[in-house]
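Observations on chain architecture
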Amino acid sequence: GDAVMPREHEWDSRWWSPIINAEHLAMRERAGIVDLSAFAIFDIVGPGAAEAVQKIVVAQAAVGEGRVIYTPVLDAKGGFRSDLTVMRLAHDRYRVVTGGAHGMADLKWFADHLEGNAQVVDQTSAFTTIGLWGPKARDILGRLTDDDISHTGFPFLSCRTVELGNVAVLASRISYVGELGWELYVPMEQGARVWDLLHEAGRPDGAVPVGIGVYGTTGRIEKGYHAYGFELDGERTIVEAGMQRPKVKAADFIGREAYVAQRDQAPQTVLCTMTVDDHTSAGGGKRYMLGGEPIRTRDGGALTDGHGHHPYVTTAGSAPSLGKHVLMPYLPPDQPAVSNQLAASYMAELYPVTAESTATTGPRRASGERFEEDVGMF
């Protein structure tokens, strides 16, 4: 029905399906199981692993074994090279998990910048990844393991090996979709078995398979998370993306000098989350932005940020739990106040949009929704 926010125009729906939004709502209400086999996985190993990882990532890598960090990776000029997850598995082993589309570039970046007694071991062909998220995720996982997976026994941003059935699985409690749950790193030959185990265990709660349209778009934009290649690139800074932490770690890392300088400067642009007020076109049909659209003033005037760029939509997609269509543009610093009214230019027409949040205020969420704890991005 209308809960899946149907799109009547063929162009708007060509690379979209109402099934995406139906899966999203099922995950928010019950649980979703996500095939993330495309993830790239590699280990940094050796006596110098800790120093090597610390030199490459922005976040503090000197964490205890079993801890998970979500971190940007910068170039020397302070632009994004990537953002990814790092798990400390032992004093001399870190595991990096990153998206399949950019995974080998990330592996090469680490390999090219390793210092000291450390090396990269590609584990991508050895493990598959399955995501389990939703308010019923703990109940489902609990049917398959005797390990303590309570909030206190398995806190957010931690990882450890658990037994699912008779399969040893590395579980990481982290979420890119804004729900309780885990990423499960499974030996490749056991992937289909664990997938089936999760589905069988999830049957009483109505768990469903959830596709990458939920993981990569609808789930993350409701949470306000960013994606490399969309909101994050070599021209945007951590400050402009709203991902800075209160302090910068004392240890040196690639891009640190540039990053410290960026923190002392006013941002030239600010990431913002906007929703579409009215989808009605001049012809009477409803249209839905797909990404890349210019953002203008309500009367069609041009906007320009401090970099000399005209704002455009980096990500567009449904937010079914909110019943809204969400856009994520970077705007000039004098523009992105909450409730600011602008327009999105789509197919030669202007559609009214309103700022719901900025990267500094965080996303607005519907009351009663369950969102996993904020990562603060890293």
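Refer to the structure printed above.
All residue numbers refer to position in the chain's written sequence, counted from 1. The predicted nature of this model means local features are confined to residues of pLDDT at least 70 and side-chain atom pairs, given and counted, to a pLDDT of 80 or more, with totals for whole chains, interfaces and linings taken over all residues. Side-chain metrics rest on all non-hydrogen atoms present in the structure, leaving aside hydrogens and water.

**As for the packing of aromatic side chains**
Put simply, two rings from Phe, Tyr or Trp (the six-membered ring, in Trp's case) pair if the centres are within 6.5 Å, and we call them stacked under 30 degrees between planes, edge-to-face over 60, tilted for the rest. Scanning all chains against the criterion turns up 9 aromatic pairs. Ring geometry for Trp11 versus Trp15: centroids 5.2 Å apart, planes at 90°, classification edge-to-face. Type-normalised accessible area, obtained with a 1.4 Å probe on protein chains alone, sets the label of each residue: buried when under 20%, exposed when over 50%, and partly exposed for intermediate values. Given a relative accessible area of 32%, Trp11 falls into the partly exposed group. Taking the relative accessible area as the measure of exposure, Trp15 reaches 61% and is therefore exposed. Their ring planes at 55° and their centres at 6.5 Å tell us that Tyr346 and Tyr351 sit as a pair that is tilted. There is no split in this pair, since Tyr346 and Tyr351 are both buried. Pairwise contacts between aromatic rings join Phe39, Trp133, Tyr176, Tyr215 and Tyr225 into one cluster. Just above the ring of Phe230 sits the side chain of Arg220; from NZ or CZ to the centre is 6.0 Å. We call a charge positioned above a ring when the Lys NZ or Arg CZ atom is no farther than 6 Å from the ring centre and deviates by at most 35 degrees from the ring normal.

**Quick word on the side chain of Thr98**
Here a strand is any run of E in DSSP of at least two residues, a helix any run of H or I of at least four, and the numbering for each starts at the N terminus. Looking at the secondary structure, you find Thr98 in strand β5 (residues 93–98). Whenever two N or O atoms come within 3.5 Å, that pair is a polar contact, provided that in protein one can donate a hydrogen and the other can accept it, and provided that, for residues adjacent in sequence, both atoms are side-chain atoms. Within the structure, the side chain of Thr98 is placed 2.6 Å from the side chain of Asp106, a separation counted as a polar contact. Not counting residues within four places of it along the chain, the set of residues in contact with Thr98 comprises Phe39, Ala40, Phe42, Ser82, Asp83, Leu84, Gly103 and Asp106. What makes two residues a contact is simply this: any of their non-hydrogen atoms within 4.5 Å.

**Remarks on helix α4 (residues 103–113)**
Of all the residues in α4, the buried ones are Gly103, Asp106, Leu107, Trp109 and Phe110. The buried side chains of α4 occupy one side of the element, clustering within an arc of 160° when seen end-on. Those residues of α4 that are buried lie in contact with β2 (40–45), α3 (49–56), β3 (68–74), β4 (80–90), β5 and β6 (119–122). The directions from the helix axis to the C-beta atoms form the arc being described.

**Notes on the sheet that holds strand β11 (residues 208–210)**
Strand pairing is defined by DSSP finding a minimum of two bridges between the two strands. Pairing in this open sheet of 6 strands is mixed, and the strands run β8-β9-β10-β7-β1-β11 from one edge to the other. Where the open sheet ends on each side, the last strands, each with one partner, are β8 (159–164) and β11. In this sheet, neighbouring strand axes are inclined to one another by 30° on average, regardless of whether the strands run parallel or antiparallel. Here the axes come from fitting lines to C-alpha atoms, over the contacting stretch only for helices, and the angles between their N-to-C directions go from 0 to 180 degrees.

**As for empty space enclosed by the protein**
Method remark: on a 1 Å grid restricted to protein atoms, a set of points is classed as a cavity if a 1.4 Å probe fits but cannot get out and as a pocket if it is open with protein on both sides within 12 Å along at least five of seven lines; lining residues have an atom within 4 Å of a point. Grid points are joined across faces, edges and corners, and a volume is the space filled by probe spheres set on the points. Under the counting rule described, the total for this entry stands at 2 cavities of 30 Å³ or more. Within this model, the largest cavity holds a volume of roughly 70 Å³. Every residue lining the largest cavity is listed: Arg236, Thr269, Asp305, His307, His309, His310, Pro311, Tyr312, Thr314 and Tyr330. Polar here means any residue outside two lists: the nonpolar Ala, Val, Leu, Ile, Met, Phe, Trp, Tyr, Cys and Pro, and the charged Asp, Glu, Lys and Arg; Gly therefore counts as polar. Partitioned by chemical class, the residues of the lining of the largest cavity number 3 nonpolar, 5 polar and 2 charged. What the second largest cavity holds in volume is close to 30 Å³. Forming the boundary of the second largest cavity are Val73, Arg81, Ser82, Leu84, His102, Ala105, Asp106, Trp109 and Phe110. At the level of secondary structure, the elements contributing two or more residues to the lining of the second largest cavity comprise β4 and α4. For the lining of the second largest cavity, the leading source of residues is α4, giving 4 residues. In the lining of the second largest cavity, the residues fall into 5 nonpolar, 2 polar and 2 charged.

**Remarks on the layout of surface pockets**
Of the voids in this model, the largest pocket is the one considered here, and its volume is about 1100 Å³. At the level of secondary structure, the elements contributing two or more residues to the lining of the largest pocket comprise α2 (18–29), β4, β5, α7 (212–223) and β14 (313–319). Sort the elements by how many residues they give to the lining of the largest pocket and α7 lands first, with 7 residues. Of the residues assigned to the lining of the largest pocket, the class counts are 22 nonpolar, 19 polar and 7 charged.

**Digging into unusual backbone geometry**
The backbone phi angle of Met5 is positive, close to 55°, even though this residue is not glycine. Residue position: Met5 is located in the segment before α1 (10–13). The exposure class assigned to Met5 is buried, which follows from its relative accessible area of 9%. One non-glycine residue with positive phi stands out, namely Ala348, at about 65°. For Ala348, the location among the structural elements is in the loop between β16 (341–346) and β17 (349–358). The exposure class assigned to Ala348 is exposed, which follows from its relative accessible area of 81%.

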